[in-house]
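Below are the chains, spelled out letter by letter.
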Amino acid sequence: MKWLRRVVIALLAILLAAGVALSFYTRQVLPQTEGTMRLSGLEAEIRIERDGDGIPTITAASTDDALFGLGFVHAQDRLWQLETHRRIGSGRLAEAFGEGALDNDRFLRALGVKRAAAVQWANAGPQAKAAVLAYTAGINAYLQNALKARPPEFVALGLHPEPWTPEDSMAWAIMMAWDLGANWSTELMRMRLSLKLPVARIDELLPPYPGDKPLVTADYAALFRELRIDGKLGNQALRFAPESGVEGVGSNNWVVHGSRSVTGKPLLANDPHLKLSAPALWYFARLEAPGFKVAGATMPALPGVVLGQNEHVAWGFTNTGPDVQDLYLERIKPDDPTKYQTPDGWATFDTVEEVIKVKGRPDVTITARATRHGPVISDAGTVAQGVTGPAARPTYALAMRWTALDPDPGTLDAAIGFNKARSVDEFIAASAGYTVPMQNMVVADRDGHIGFVSAGRVPLRKPENDLKGQVPSPGWDARYDWAGTLDAVLTPRETDPARGWIATANQRIHAAEYAHYLTNDWALPYRQQRIEQLLEAKPQHSLDSFREMQSDELSLATKRLLPVLQRAKSGHPLAAAAQQQLAGFDGTMGADKAAPLIFWSWARHMAQGLFADEIGEPVWERSNRAFRDAVEGVLERNNVWWCDDKRTDQAETCEHQVDLAFTNALDELQAAQGPDVSRWQWGLAHVARAEHRPFSRVKLLARWFELRAPVGGDTYTLNVSRVGLKPDPTTGELYLDEHGPSLRALYDLGDPSQSRFMHSSGQSGIVFSPLYASFLERWAKVEYVPVWGGAVEHTLVLMPQ
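Parameters at a glance
Residues numbered from 1 in each chain as written. Predicted model: local features only at pLDDT ≥ 70, side-chain atom pairs only at ≥ 80, totals over all residues. Heavy atoms only, no water. Helix = DSSP H or I, 4+ residues; strand = E, 2+ residues; numbered from the N terminus. Rg over C-alpha atoms; globule rule 2.2 N^0.38 Å. Buried < 20%, exposed > 50% of the residue type's maximum accessible area, 1.4 Å probe, protein only. Lys, Arg positive; Asp, Glu negative; His and termini not counted. Charge placed at Lys NZ, Arg CZ, Asp CG, Glu CD. Core = buried A, V, L, I, M, F, W, Y, C linked by side-chain atoms within 4.5 Å. Contact = heavy atoms within 4.5 Å. Pairing = 2+ DSSP bridges. Salt bridge = Lys/Arg side-chain N within 4 Å of Asp/Glu carboxyl O. Disulfide = S-S within 2.5 Å. Polar contact = N/O pair within 3.5 Å; in protein donor to acceptor, adjacent residues only side chain to side chain. Phe/Tyr/Trp six-rings, centres within 6.5 Å; stacked < 30°, edge-to-face > 60°. Lys NZ or Arg CZ within 6 Å of the ring centre and 35° of its normal. Axes fitted to C-alpha atoms, helices over the stretch in contact; angles between N-to-C directions. Left-handed = near helix turned anticlockwise from the far one by under 90°. Nonpolar A, V, L, I, M, F, W, Y, C, P; charged D, E, K, R; others polar.

Undergrad: When you look at the overall build of the protein in this model, what are you seeing that I'm missing?
TA: Tallying secondary structure elements over the protein gives 26 helices and 29 strands in all. The globule rule puts the C-alpha radius of gyration for 801 residues at 28 Å, and the 27 Å found for the protein is close to it. In terms of its C-alpha atoms, the protein occupies a principal-axis envelope of roughly 85 × 75 × 70 Å. For the protein, buried positions account for 59% of its 801 residues. Distance from the positive charge centre (82 side chains) to the negative charge centre (94 side chains) of the protein: 5 Å.

See below:
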């Protein structure tokens, strides 16, 4: 038995050595947070003091050195996140993740994000260049001097971090604009629908803003029939288009004047609703230099504080969602595919060769083309095949005009101005240079003023443009070209209103008589209506009442349709028990309740029963919409055309569809949560999931890297948690919440020490760190940490070499 003893001893030695190696690695991969470090590129000493939550206070002798320090701590705590941001903006995901990411890379290379970023960097102003260069130097100083061990994602994928470049920052700014834009995909959807439906029916499926009439346009369904758009091939357009402008991605913000505050000074709240990720999109930091003191939410890849407070003002954003993207059908010359038609004759496509490296596969080369309108996105090989004609000999190419690709950037200069603003007026003045993504900005100053401005570049369309940016337009017709941009001082704005408060929640942010067109696709106004209810419910507010508002889970959208569901009939054995749960339900979407689960399952089946037969399964499956406004319109008008299922011989009524959706919901929920309705819970299905790139897609690793928490609320509550209505492609789960309050912040202009914030993960992006998920539980409970700091626990001093 001596051999067995030797084998056991050898195995134990191997395990012990592996444990020691892992222990050593986990210590080495965590950042150094104490002591002194000498670095090249520094002008003077930088102190980085971290509190118990890992939030750094960076104190420097100049603003540029403070931004150097920010780049350094971003690299310390979020190096893998920086890597993913770089690869997304550059279209280099397949190089790391393999062939599965190739379509994404093709699209981004065709769109030309990195090429546009290079032009924008060359045209950037001196202030923006100084900030980005300082920030870039901080990241690279960490890579060159302080990186002891690569984070586990690099190790697992066999990657090494590369030096950061200014163009990487510019590209990520463009990608944030992409994430918040949706018009191009809505244009494609309208075009696809027009191959099956008349414009009047499309206006019922995609209704105008409540109280408005449909936008009057030419009959684009007839236009596309005339152009012989191929319907079968068009299915690919929506199936493969990268996700952007997801319903539920928006934000809330509001501010009250001192007359409506218990402190006598303004109070401001903000919670941006974005994709939840592990780590979070945001990283908290405090920056201090002579004449410069600001704290708030920073974003790895970008210099400065995006949302926060300085010594004079506090500010918060929501997405405006303007129509700043237009698609153009460019007619290709039949006998010469290198040319396309313009109002002045045939022109030659601009071209550039793009080589995409693919892990484990040969390189892929694409020819990216551009027209006078912008990049040809059909060159991605996925986005628009089919809407442009047969793949072997396309009739059209599909080009995009988009403000975020314009060569003259202004957003970073404006952001620096926000960080340094000393009053509401200065903040609004700085916003004039802001370009993309257009945001509804609320601001308050310590002198007691409050204000709002919708800042961003807005295209002007010609009066003769009878398509009005609603669908792809003929690129050879000059009437569809843009006629410049709106003067920045003409965007919606307001200061010190008599009512004593300002609020935005992605609703229509201007009066009906506003002279300029921003968009036809506003978010439904339920969150805005709830904010107004709660603001008017008290004569004066405090940060505690603001917290109650950010915690609010009453869904006005649910209350609107709830009576319809409460009248539903079903022969299902669980129908009576389900209706008992609904009987006392007031629309508060609590995680521990059964009623929200029943309602959302019914609403999902209701929308599918009404619309899937008319619009076709490919379009239905690709859409990320809940079609809630369309469901409301159909049921309230008893629109039997939509209620009739065209796939059957019977003439279904709306009442039949209501009852059928109820039965289908009960079948679904019984299979998912069992036969005891009293034990059903919304939070068992509606789980906030913060995705990790790429390990959420690896079942063995997902449990360690991605973050989850059961939550209440829904897409339309003030405490937003978007309801996913399609099964998750990896797990098959329904009703996941993957978009929500990525950040919550409350600012006190009278006593900044009371200002507080929270994001959805933790400060560290390194899974071995105790700060990787340290915010998650508190975020789910709507708790906060101080904006201006707790006790210092760690101090690192960076010294010039």
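Now that the structure is up, let's keep going.
Undergrad: What should I look at first to understand the nonpolar core in this one?
TA: Where a protein is soluble and globular, its nonpolar side chains tend to be buried together. Ranked by size, the top nonpolar core spans 238 residues in total, and within it Leu111, Trp315, Trp402, Phe546, Ile598, Trp602 and Phe611 carry the most contacts. Sorting elements by how many residues they give to this core places helix α19 (residues 595-615) first, with 13 residues. Apart from the residues lying within four places of it in its own chain, the contact partners of Phe611 are Leu205, Trp620, Phe627, Ala630, Val631, Val634 and Trp642. Core analysis: the next-biggest nonpolar cluster, separate from the first, contains six residues, Ile332, Phe349, Val376 and Ala397 among them.

Undergrad: Quick question: what am I supposed to make of the sheet that holds strand β19 (residues 473-474) here?
TA: Sheet strands associate in pairs through backbone hydrogen bonding, adopting either a parallel or an antiparallel arrangement. What the three strands build is an open sheet, ordered β15-β10-β19; its pairing is mixed. Each end of this open sheet is capped by a strand with a single partner; those strands are β15 (396-402) and β19. As judged from the seven bridges shared by strand β10 (residues 325-331) and β15, these two strands associate in the antiparallel manner. Following the sheet pairing, Glu330 is matched in β15 by Ala397.

Undergrad: I tried to follow the pattern of salt bridges on my own but got confused; where do I start?
TA: For the structure on display, the rule yields 43 salt bridges. In this structure, Asp552 engages Arg530 in a salt bridge whose closest nitrogen and oxygen atoms are separated by 2.9 Å. A residue pair is termed long-range when its members are at least 10 positions apart, and Asp552 in the loop between α16 (543-551) and α17 (556-566) and Arg530 in helix α15 (residues 526-536) qualify at 22 residues. Using a relative accessible area of 13% as the deciding quantity, one classes Arg530 as buried. Bridged by salt links that share partners, the residues Glu83, Arg86, Arg87, Arg92, Glu95, Lys114, Glu162 and Asp168 form one connected network.

Undergrad: So what exactly am I meant to see when it comes to the state of the cysteines here?
TA: Here is the idea: a disulfide is a covalent bond, and it sits between the sulfur atoms of two cysteines. Scanning the model with the defined rule gives one disulfide in all. Across a sulfur-sulfur distance of 2.0 Å, Cys643 and Cys654 are joined as a disulfide pair. Between Cys643 and Cys654, the S-S torsion sits near 95°, and that sign places the bridge as right-handed. With Cys643 in helix α22 (residues 640-643) and Cys654 in helix α23 (residues 654-673), this residue pair connects regions lying 11 residues apart in the sequence. Residue Cys643 shares its accessibility class with Cys654, and that shared class is buried.

Undergrad: Sorry if this is basic, but what is going on with the environment of Asp466 here?
TA: Considering the arrangement of structural elements, one finds Asp466 in the loop between β18 (459-461) and β19. C-alpha of Asp466 to C-alpha of Tyr220: the two residues are 246 residues apart in sequence and 9.3 Å apart in space. Excluding residues that lie within four positions of it along the chain, Asp466 makes contacts with Thr217, Ala218, Arg479 and Tyr480. Within the structure, Asp466 has its side chain in polar contact with the side chain of Arg479 (distance 3.2 Å).

Undergrad: How should I be thinking about the packing of aromatic side chains in this particular structure?
TA: Aromatic ring pairs are described here by two measures, namely the spacing of the ring centres and the angle between the planes. Under the defined criterion, the tally for this structure stands at 26 aromatic pairs. When the centroid spacing of 6.0 Å and the interplanar angle of 15° are considered together, the rings of Tyr396 and Trp476 count as stacked. With a gap of 80 residues between them, Tyr396 in strand β15 and Trp476 in the loop between β19 and β20 (482-485) connect regions that are remote in the sequence. When its relative accessible area of 16% is taken as the criterion, Trp476 is described as buried. What links up through ring pairs into an aromatic cluster is the set Trp315, Phe317, Phe418, Phe427 and Tyr434. It is Arg628 that lies over the ring of Trp600; its NZ or CZ is 4.7 Å from the centre. Taking the ring centre of Trp641 as reference, the NZ or CZ of Lys646 above it sits at 4.0 Å.

Undergrad: Would you take a moment to explain the side chain of Thr715 for this structure?
TA: Mapped onto the secondary structure, Thr715 falls in the loop between β24 (707-710) and β25 (739-741). Residue Thr715 is classed as buried on the basis of its relative accessible area, which comes to 6%. Only 3.0 Å separates the side chain of Thr715 from the backbone nitrogen of Val723, close enough to count as a polar contact.

Undergrad: Would you explain unusual backbone geometry in this entry?
TA: Note: most residues except glycine have negative phi, and most peptide bonds are trans. The omega torsion of the bond from Val436 to Pro437 falls at -15°, within 30 degrees of zero and hence cis. Following the sequence through the fold, Pro437 ends up in the loop between α14 (424-430) and β16 (439-445). Going from Arg693 to Pro694, the amide bond is cis rather than trans, its omega being 0°. Along the chain, Pro694 falls in the loop between β23 (687-690) and α25 (699-705). Notably, Arg228 is not glycine yet its phi reads approximately 60°, a positive angle. Relative to the helices and strands, Arg228 is located in the loop between α11 (220-226) and α12 (231-240). Not every positive phi belongs to a glycine, and Ala301 is a case in point at roughly 110°. The residue Ala301 is located in the loop between β7 (292-298) and β8 (307-310) in this model. Here Ala301 falls in the buried class, since its relative accessible area comes to 0%.

Undergrad: Quick question: what am I supposed to make of the pairing of strand β2 (residues 46-51) here?
TA: Two faces belong to every sheet, and in a regular strand the side chains alternate between them. Sheet topology places β2 next to strand β29 (residues 792-800); six bridges connect them, and they run antiparallel. When the sheet's bridge partners are listed, Ile46 is paired in β29 with Leu798. In the sheet, β2 pairs with strand β3 (residues 56-59) via four bridges, with the strands oriented antiparallel. Bridge pairing in β3 links Ile48 to Ile58. Hairpin connection of β2 to β3: four residues between the antiparallel strands, including Gly54 at a positive phi of 80°.

Undergrad: Looking at this structure, how should I read the side chain of Arg286?
TA: With respect to the helices and strands, the residue Arg286 is situated in strand β6 (residues 283-289). Within the local environment of Arg286, its side chain forms a polar contact with the backbone oxygen of Val787, the two atoms lying 2.5 Å apart. If near-sequence neighbours (up to four positions away) are discounted, Arg286 is found in contact with Asp51, Ile55, Pro56, Thr57, Ile58, Val294, Ala295, Pro786, Val787, Trp788, Gly789 and Gly790.

Undergrad: Honestly, the packing of helix α5 (residues 113-123) against helix α8 (residues 166-179) in this entry has me stumped. Any pointers?
TA: Between two packed helices, what matters for the description is the angle formed by their axes and the separation of those axes. Following both chains from N to C, one finds α5 and α8 inclined at 115°, their axes separated by 8 Å at the closest point. Handedness of the crossing formed by α5 with α8: right-handed. Side by side, α5 and α8 meet where Val113, Lys114, Ala116, Ala117, Ala118, Gln120 and Trp121 of the first sit next to Pro166, Glu167, Asp168, Met170, Ala171, Ile174 and Met175 of the second. Taken together, the residues that form the contact of α5 with α8 break down as 10 nonpolar, one polar and three charged.

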